[in-house]
Amino acid sequence: MFTVEMEDEETTITTIDESGRFGDIKIIMDQESVGIIQEECVDDMDYSVFIEMSHQQFADLLASMKQPVGSYYIRERRVRK
């Protein structure tokens, strides 16, 4: 399950592990960057992991899930007006 929320110029996508084994993951995007945060609780200690990256790095991650082993470059598609 996932949700998509927009507030001002920021979009937040939250994905929930339906098995309950892993904490929710939030992807927070604006025009500058993409952030991924996961909050966990282990032995009654709460902690968060935050990773920030460029949009190009995030696009690479998404594209990589459909590729075999190798090295790749993604070409940007430009929309014609």
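Source: prediction; values computed, not measured. (Residues numbered from 1 in each chain as written. Predicted model: local features only at pLDDT ≥ 70, side-chain atom pairs only at ≥ 80, totals over all residues. Heavy atoms only, no water.)

Novice: Break down the pairing of strand 2 (residues 10–15) for me, with residues and values.
Specialist: Sheet faces and side chains relate simply in a regular strand, where the side chains alternate between the two faces. Two elements, strand 1 (residues 2–7) and strand 2, share six bridges in a ladder whose sense is antiparallel. Residue valine 4 lies in a different strand from strand 2, and its bridge partner there is isoleucine 13. The turn joining strand 1 and strand 2, which pair antiparallel and follow one another in sequence, is formed by two residues; a positive phi near 55° is taken by aspartate 8. When strand 2 meets strand 3 (residues 25–29), the two strands line up antiparallel, connected through five bridges. Within strand 3, the residue paired with threonine 15 across the bridge is isoleucine 25. (Pairing = 2+ DSSP bridges. Helix = DSSP H or I, 4+ residues; strand = E, 2+ residues; numbered from the N terminus.)

Novice: Quick one: what's the story with the environment of phenylalanine 2, residue by residue and with numbers?
Specialist: Relative to the helices and strands, phenylalanine 2 resides in strand 1. For the pair formed by phenylalanine 2 and glutamate 52, sequence separation is 50 residues and the distance between their alpha carbons is 20 Å.

Novice: Explain the environment of methionine 6 to me, and be specific about the residues and the numbers.
Specialist: Relative to the helices and strands, methionine 6 resides in strand 1. Exposure remark for methionine 6: the relative accessible area of 67% places this residue in the exposed category. For the pair methionine 6 and leucine 61, spaced 55 residues apart in sequence, the C-alpha to C-alpha distance is 22 Å. (Buried < 20%, exposed > 50% of the residue type's maximum accessible area, 1.4 Å probe, protein only.)

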